[in-house]
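So you can see what is in the structure, the chains are spelled out below.
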Amino acid sequence: MSIDVRKCDTVFVLFGAGGDLARRLIVPALYNLYLDRHLPERFRILGVDRDEFDDAGLAAHYRENVSAFSRRGAPKESDWQGFAAGIRYLKADATADDAYRRLAETIAGLEKELGSAAQHVFYLATPPFLFAPIAKGLAAAGLAADRERARIVVEKPLGRDLDSFCEINHALCEGFDESQIYRIDHFLGKETVQNILALRFANPIYEPVWNRRYIDHVAITVAETLGVEHRGGYYEQAGALRDMVQNHLLQLLCLVAMEPPVAYDADDIRGKKMDVLRALRPIPRDGVADFAARGQYGRGWIGGEEVPAYREEEGVAPDSNTETYAALKLYVDNWRWQDVPFYLRTGKRLGAQVSEISIRFQDVPHKAFPASVGLNAQPARLVIQIQPEEGVVLKFMAKEPGSLLRLRPVDMRFSYREAFRTESPQAYETLIWDVLIGDATLFMRADQVKAAWRLLMPVLEAWEENPAPDFPNYAAGSWGPEAAEMLVARDGISWLTPTLSNHDGPNGRG
Ligand code: BG6
């Protein structure tokens, strides 16, 4: 049964209301939902933080930020007034005992205003050390008890290793049932990521070839040109493996590798993804170098500008051992994927801002054409473009026009922009809407997060114990360290330049 979001009366409690996440992503997303009439008719945003705001002050702060960060730019006066009328502020310290009693009273007051018993969304846009105290405080004040109407939303990082994740999770689960907990991985809210399931399971043509008989390997690239910006303090504790691989890249892998669901619902889809995580071959503690490579950027050039090395960034130690690049080789030990490598790579300050999944099919079993006709012969590839291009490209061989028989790789392209001529909602819009209607399909279940941490622990430990002697080992603006090349070269392949143009070459290096 589909749920009408307009009828889901809600008090949306935003912890960390004065912080970066709230102003850059969450409130602009809420505002866009409001413009699209995708917020409940009776809705209040209750910001909670220690800053000196009042209701009007918080609204004014958000207005500036919506202008700066919303995909729709500065709000029109009348639209903004309608939205801002629902903004309230509670000054409170999330670690103080009386905060939750006051919160409960404030919520009760807002429900009176709304004239109904609303559902309560507790969005924790706070540093992770506050997750446990907030979850406990809410539970102690009785605010977690209603399983249907109370939901808690948490952002990564959910711990920095298996143990710390279990601790945070334990605190969440003390008061909240798993069905009330929404763990955000914002990649899952991206249209192109959701489209992976549509591509695979709404079309019968892919499934017969989506397996080890036809697929040679899968390569997942999430490349960023940005450095760590003002997040040096956080990033020093995280690194690329925790920041990107543990969540975003492994979730992408799951969507490519999972079995068809019986129904498009949270239990089934998350269960099928969990099967993949469970099937991932453990990385041996004494063989990490055969499965993982790391890098850290040095000085270099991005978009014609010279940029500093990671170790020169604000908040970063001058001898930092933190990786800004990580690559992994993984295997999914099941019938469908046995011995098909999944290569994952991600890094900051790389040659282009691009995320894509490249599915490389097997070579033809017999080469009927003489070698001279297709010097460029390449096995077919299906490229799922996640961003900034949004689409799907099938790369295959075609005959060049002319009387001479020559073959050349060509592209067949589907582009979101051209096909739908409409702007995609941002990931946070999709995810917040899902929280409001109580659909957890695009959120991470505890067992998934745990399995992801368990998989990566040998790599995290090995990297921590053995500082990289060669950092920095790639120049900003390049495609990453030599070690990542070696990782795949051992299998006779090279990372391909992401599909920015019609022409592929190995990493732009030749
Ligand atoms: C976040 C990471 O989860 O994802 C950031 O913490 C990264 O380091 C970001 O830059 C990338 O997300 P997007 O949506 O900008 O590609």
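Residue positions within a chain follow its written sequence, with the count starting from 1. With the structure being a predicted model, the display of local features is reserved for residues of pLDDT at least 70 and the display and counting of side-chain atom pairs for 80 or more, all residues being used for whole-chain, interface and lining totals. Hydrogen atoms and water are omitted, and side-chain values are computed over all heavy atoms in the structure.

Draft legend 1. A look at the packing of helix H9 (residues 240–257) against helix H13 (residues 446–465). Packing of H9 against H13 brings their axes to within 10 Å, and their N-to-C directions diverge by 140 degrees. In terms of their interaxial angle, H9 and H13 are classed as oblique. Where H9 crosses over H13, the two elements pack in a sense that is right-handed. In this structure, H9 uses Leu241, Arg242, Val245, Gln246, Leu250 and Gln251 to contact H13, whose residues at the interface are Gln448, Val449, Ala452, Trp453, Leu455, Leu456, Val459, Leu460, Trp463 and Glu464. Residues that form the contact of H9 with H13 fall into these classes: eleven nonpolar, three polar and two charged. Axes here refer to lines fitted to C-alpha atoms; in helices the fit is confined to the stretch in contact. Angles between the N-to-C directions go from 0 to 180 degrees. Each helix corresponds to a stretch of at least 4 residues labelled H or I by DSSP, and each strand to a stretch of at least 2 residues labelled E; elements are numbered beginning at the N terminus. Here the angle decides the label: under 35 degrees means roughly parallel, over 145 means roughly antiparallel, 65 to 115 means roughly perpendicular, and every other value means oblique. Here a crossing is called left-handed whenever its near helix is offset anticlockwise from the far helix by less than a right angle, and right-handed whenever the offset is clockwise. Between two residues, a contact is recorded if the distance between any of their heavy atoms is within 4.5 Å. For this classification, Asp, Glu, Lys and Arg are treated as charged, while Ala, Val, Leu, Ile, Met, Phe, Trp, Tyr, Cys and Pro are nonpolar and the rest, including Gly, are polar.

Draft legend 2. Fine view of the sheet that holds strand E2 (residues 43–49). Strand pairing follows a simple DSSP-based rule, namely that at least 2 bridges must link the two strands. Spatial strand order, E3-E2-E1-E4-E5-E6: six strands in an open sheet with parallel pairing. In this open sheet, the two strands that pair with only one neighbour each are strand E3 (87–91) and strand E6 (181–184). Pairs of neighbouring strands in the sheet enclose a mean axial angle of 20 degrees, with direction left out of account. With four bridges connecting them, strand E5 (residues 150–155) and E6 associate as parallel partners. Bridging from a neighbouring strand, Ile152 pairs with Ile181 of E6.

Draft legend 3. Spatial organisation of the pairing of E2. Counting buried positions along E2 gives seven out of seven residues, so the element sits mostly inside the fold. Side-chain alternation along E2 places Phe43, Ile45, Gly47 and Asp49 on one buried face and Arg44, Leu46 and Val48 on a second face that is also buried. In this sheet, E2 lies alongside strand E1 (residues 10–15) in parallel orientation, the contact comprising six bridges. Each bridged residue has a counterpart across the sheet, and for Phe12 the counterpart in E2 is Ile45. Taken together, E1, helix H1 (residues 20–35) and E2 form a β-α-β motif whose crossover is right-handed. Sheet topology note: the E2/E3 ladder contains five bridges and is parallel. The residue of E3 that forms the bridge with Ile45 is Ile87. Residue burial is assigned from relative accessible area. The probe radius is 1.4 Å, only protein chains are included, and a residue is buried under 20% of its type maximum, exposed over 50%, and partly exposed in between. Throughout, right-handed denotes a crossover for which the path from the first strand over the helix to the second runs clockwise when the strands point away from the viewer.

Draft legend 4. Geometry of the pairing of strand E4 (residues 119–124). Extensive coverage of E4 is indicated by the burial of six of its six residues. Residue alternation in E4 divides its side chains into two sets, Gln119, Val121 and Tyr123 and His120, Phe122 and Leu124, and both sets are buried. Pairing geometry for E1 and E4, over six bridges, is parallel. Residue pairing for E4: Leu14 is matched across the bridge by Tyr123. Remark: the E4/helix H5 (residues 131–140)/E5 crossover connection has right-handed handedness.

Draft legend 5. Region of the structure containing the site of the ligand. When at least one non-hydrogen atom of a residue lies within 4 Å of a molecule or strand, that residue is treated as near it. In the vicinity of the ligand, the residues found are Lys156, His186, Phe187, Lys190, Glu224, Arg231, Asp243, Met244, His248, Lys348 and Gln387. The side chain of Gln387 places a nitrogen or oxygen atom 2.6 Å from an oxygen atom of the ligand. For the area figures, the Shrake-Rupley method with a 1.4 Å probe applies, and any residue is considered shielded solely by the protein chains shown. Protein chains shield 77% of the accessible area of the ligand, which is 400 Å² for the free molecule. With three residues, H9 is the largest single contributor of residues to the shell around the ligand. By the criterion applied in these results, polar contacts are pairs of N or O atoms within 3.5 Å in which, for protein atoms, one can donate a hydrogen and the other can accept it, and in which residues neighboring in sequence qualify only through two side-chain atoms.

Draft legend 6. Expanded view of H13. The span you would expect from a helix comes to 1.5 Å times its residue count less one. Spanning 20 residues, H13 covers 28 Å between terminal C-alpha atoms, matching the ideal 28 Å at 1.5 Å per step. To obtain the bend at a residue, axes are fitted to the seven residues ending there and to the seven starting there, and the angle between these axes is taken. The principal kink in H13, of about 45 degrees, is found at Leu456, preceding the proline Pro458 by one to four residues. Judged by how many residues are buried, H13 sits mostly within the fold: 14 of 20 residues are covered.

Draft legend 7. Seen up close, the sheet that holds strand E8 (residues 292–295). Read from one edge to the other, the open sheet built from eight strands follows the order E8-E12-E13-E7-E14-E15-E16-E17, with strand pairing classed as mixed. Two strands bound the open sheet, and with one partner strand each, they are E8 and strand E17 (407–415). Within this sheet the neighbouring strands show an average axis-to-axis angle of 15 degrees, counted without direction. Across the face of the sheet, helix H7 (residues 191–201) comes into contact with strand E14 (354–361), strand E15 (381–387), strand E16 (391–399) and E17 while running at roughly 145 degrees to E15. Its contacts with the sheet put H9 on strand E7 (215–223), strand E12 (325–331), strand E13 (341–347), E14 and E15, and the angle it makes with E13 is roughly 145 degrees.

Read these as layout, nothing more, since geometry by itself doesn't imply function.
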